[in-house]
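An overview of the molecular structure
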Amino acid sequence: MAVVLGTAGHIDHGKTSLVRALTGIDCDRLQEEKRRGITIELGFAWVDLPGGERLGIVDVPGHERFVKNMVAGAAGVDMVMLVIAADEGIMPQTREHLEICSLLGIRTCLVALTKTDMVDADWLEMVQEEVRGFLEGTFLDGAPIFPVSATTGAGIDELRAHLAQTAASLPAQRRSDIFRLPADRVFSMKGHGTVVTGTVISGQCNLGDELRFMPADLPTRARGLQRHGAAADSVQPGQRCAVNVQGLDVDEIERGYVLARPGELFPSNRWLVRLTCLSSSPRAMRQRVEIHFHHGTRECAARVVFRDRDKLAPGETALAELRFKEPMVGVFGDHCVLRAYSPLRTVAGGLLVSPLPPELRAKDPELADKLSLLQSLPELRDAAEALGGGKAEAKAREEARAQLVRGALTLRGAEGADEARLRALTGMARAAVEAALQLLSTRGEALCWDKEGRAWIAKLPFEKLLAACLERGAELHRREPLKPGFTRGALCTGWSRNLPPKLVQKVLDQGIKQGQLVTEGEGLRLQSHTVSLAADQAGLRQKLLDAHATGGLTPPNAKDVLEELGVTPKEAAPVLRLLCETGDLVKIKDGLYYHGPALTDILDRVRGWFATHDNLDVGGLKELLGLSRKYLIALLEYMDNERITVRVGDQRRFRGR
């Protein structure tokens, strides 16, 4: 595993000189840096380790005006070297840099006590005691302290040996396999074009890969790769690298853009973050306060919105929504730093809980459940990333991963998520997400509604969609109780708005599979629905049926029957429709209905005619039925429409149906 070391510490405490003594590389490349004697931009160096690996080193500025550059340099750092000058001791940026490293989740650290050639032994002993006291209670409590001098070389070999030993002993991290390279430098190189540098946070990039600069979604290709200054065919997590990108000019790319594969990162103007206000903050963070937000190598303005409080006091932790003025891209579990505008200082840090957050509305009856689930995700992540152990521990990790994926899917609601989004929402590798989804699918806690798009939805939101579909069906049945079924379009109105067609079809299929929906002709109905008539409608049904049964082969005109009964066409329409759907009446044309048995008798006679004749015309049908032309023409057209006969000139031929 490649390891990156970051420096931290106050201005003029010798960070750059120490890196030069360790590696032979001068990280101050700008003329202004050399003229002023301070580091302004990030510097990069490396040192060869036993076994052929290289330890990458990021040298950061110490001046308070360039803290944002320091935060950018800390992106992707695995271990930090806090540099303190022996002649000055603890200074303001010593404290702020230590706090920033803490907020970024860096836990492997050491202290380099520089400029020891400028103090005597007693002073050096006193400063070491001061440093130990300063580190007490921090994540650096008990960290080794190495007195060194970049001028005389004292202690440099011991420090270099310790760095090599620490780098070799660092446990492998369970990183996401989403390739991410936050750009910390963008420049043009003669003969090559645009080059970006950064630390690979996760994933792998190969020479020639199609890539995107996010969040701008600028397409490019890895035209060339360098790893720690040498040409490479691929770059891995934890490695410092330079990428020669194709098809883009320097002015199209900004520091903070993230180089990624297409379709793996998703821009958003809102994040949900587990936010901790530093104990050293001079005051509480107020509701809707605007701050400088730092994530990876990107800085932007953001507004903080709390869901369960009006302010966050120093030392407190709470879930907060961050609203950005420009889109951001991130992965669950990322760390971020917040700095106040006035005075300009670090005040808080956070852990990214959702880079694609659900809507959190105050009047949402499920708001408390959503907040509780969001707050549980970091603990599930810790369990899912636990290292070592036997079969029982492996089983626990598998379960934690499944619950992490289930939680992310549940929060996505009816929208669900494809596997690419789930990787961003959980910080898990592709294989781990796939295994978790299969486990959830086996249990019925998640289902795939689009196999080609690899899209999933959690059990609870899917059941809510099905319930909404059934409620819509019940509403339609209440509205039109005499209608046996409805079109799929009518049944899906309302609840399916903005949902993908495949998901809507999955809901309908599930309703049919479970027997809650029944196919009715070309439509659907609820399994529990039966056509029921009110008392007056039942009476009208019988009167209409009797009138047409009495008419036999010469049924009455429907309009005359309704006038005689004192019923409007609108009142009679559902009853007539029901009689036709049950087959008691058959509509021959507008206003003309035959009693079912009477029409059956007519069709039987017609089939008998064709047993001995090739053709049938109006005269033949009159001979067969003895009816007037009014009925004969209507019956012939009906049989044509029903494909019983086919018209050839003035004749009809039997189709055989």
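Presented here is a report on the structure given in the accompanying data block. This is a predicted model, so every value here is computed, not measured.

1. Digging into the nonpolar core
Formed by 39 residues in total, the largest nonpolar core has its most connected members in L265, L374, L409 and L422. Considering every element that reaches this core, the biggest residue donor is helix α8 (residues 391-412), with six residues. The residues touching L422, leaving out its near neighbours within four places in the chain, are V405, A408, L409, A417, G427, V433 and L437. F44, V58, V80 and V111 belong to the second largest nonpolar core, which has 30 residues in total.

2. Topic: the pattern of salt bridges
Inspection of every chain in the model, using the stated rule, returns 44 salt bridges. The partner of R430 in a salt bridge is E264, with the nearest N and O atoms 3.8 Å apart. Residue R430 is found in helix α10 (residues 430-443), and its partner E264 is found in the loop between β16 (258-260) and β17 (268-277); the two are separated by 166 residues along the sequence. Judged by its relative accessible area of 41%, R430 falls in the partly exposed class. Taking relative accessible area as the criterion, E264 reaches 8% and is therefore assigned buried. A salt bridge links E316 to R309; the shortest N-O distance between them is 3.3 Å. The exposure class assigned to E316 is partly exposed, which follows from its relative accessible area of 33%.

3. Some details on the sheet that holds β17
With antiparallel pairing, six strands are arranged side by side around a closed barrel as β17-β22-β20-β19-β23-β24. For this sheet, the mean angle separating the axes of adjacent strands, direction not counted, is 45 degrees. Contacts from helix α4 (residues 92-103) reach β23 (335-340) and β24 (345-354) within the one sheet, and its direction differs from that of β24 by about 5 degrees.

4. Details of the packing of helix α1 (residues 15-23) against helix α6 (residues 156-169)
For the pair α1 and α6, interaxial distance at closest approach is 10 Å and the crossing angle is 80 degrees. As judged from the angle between their axes, α1 and α6 are roughly perpendicular. Residues L18, A21 and L22 of α1 lie in contact with α6, whose contacting residues are I156, L159, R160 and L163. Looking at side-chain class alone, the contact of α1 with α6 contains six nonpolar, no polar and one charged residues.

5. Some points on the pairing of strand β28 (residues 517-520)
Two elements, β28 and strand β29 (residues 523-526), share four bridges in a ladder whose sense is antiparallel. What sits directly across from T519, in β29, is L524. Turn length for the β28-β29 hairpin, with the two strands adjacent in sequence and antiparallel, is two residues, and the turn residue G521 shows positive phi of about 65 degrees.

6. Some words on the pairing of strand β32 (residues 645-648)
It is a general feature of regular strands that their side chains alternate between the two faces of the sheet. Examined bridge by bridge, β32 and strand β33 (residues 651-654) share four bridges and lie antiparallel to one another. Each bridged residue has a counterpart across the sheet, and for T645 the counterpart in β33 is F654. Remark: two residues form the turn of the hairpin made by β32 and β33, two consecutive strands paired antiparallel; G649 in that turn has positive phi of roughly 70 degrees.

7. Some thoughts on the environment of L425
Residue position: L425 is located in helix α9 (residues 419-426). Look at L425 and you get buried, because its relative accessible area is 6%. C-alpha separation for the pair L425 and V331, spaced 94 residues apart in sequence, amounts to 6.2 Å. Aside from chain neighbours lying at most four places away, what touches L425 is F332, S354, P355, L356, A408 and R412.

8. Some thoughts on the environment of D141
Structurally, D141 can be placed in the loop between α5 (121-135) and β6 (145-147). Given the relative accessible area of 44%, D141 is considered partly exposed. Expressed as a C-alpha distance, the spacing of D141 and V131, which sit 10 residues apart in the sequence, is 9.8 Å. For D141, the residues in contact, after removing those within four places along its chain, are L135 and E136. A polar side-chain atom of D141 sits 3.0 Å from the main-chain amide nitrogen of G137.

Definitions and limits used
- Throughout this description, residue numbers start from 1 for each chain and increase along the sequence as written.
- Only residues with pLDDT of at least 70 get local features here, since the model is predicted, and only at 80 or more are side-chain atom pairs given and counted; chain-wide, interface and lining totals rely on the full set of residues.
- Think of the side-chain values as coming from all heavy atoms in the structure, minus any hydrogens and water.
- In this description, a nonpolar core means a group of buried Ala, Val, Leu, Ile, Met, Phe, Trp, Tyr and Cys residues linked to one another through side-chain atoms lying within 4.5 Å.
- Type-normalised accessible area, obtained with a 1.4 Å probe on protein chains alone, sets the label of each residue: buried when under 20%, exposed when over 50%, and partly exposed for intermediate values.
- Put simply, DSSP marks the helices as runs of H or I at least four residues long and the strands as runs of E at least two long, and each gets a number from the N terminus on.
- By definition, residues are in contact when any of their heavy atoms lie within 4.5 Å.
- Any carboxyl oxygen of Asp or Glu within 4 Å of a side-chain nitrogen of Lys or Arg constitutes a salt bridge here.
- Note on pairing: DSSP must find at least two bridges between two strands before they are called paired.
- Axis angles are defined between N-to-C directions and span 0 to 180 degrees, where every axis is a line fitted to C-alpha atoms and, for a helix, only to the segment in contact.
- Each angle gets one of four labels, with under 35 degrees taken as roughly parallel, over 145 as roughly antiparallel, 65 to 115 as roughly perpendicular, and the rest as oblique.
- Three residue categories are used. Nonpolar comprises Ala, Val, Leu, Ile, Met, Phe, Trp, Tyr, Cys and Pro, charged comprises Asp, Glu, Lys and Arg, and polar comprises the others, including Gly.
- Pairs of N or O atoms within 3.5 Å make up the polar contacts considered here, provided that, within protein, one atom can donate a hydrogen while the other can accept it, and that residues adjacent in sequence are counted only when both atoms are side-chain atoms.

Scope: geometric values only; no functional claims are made or implied.
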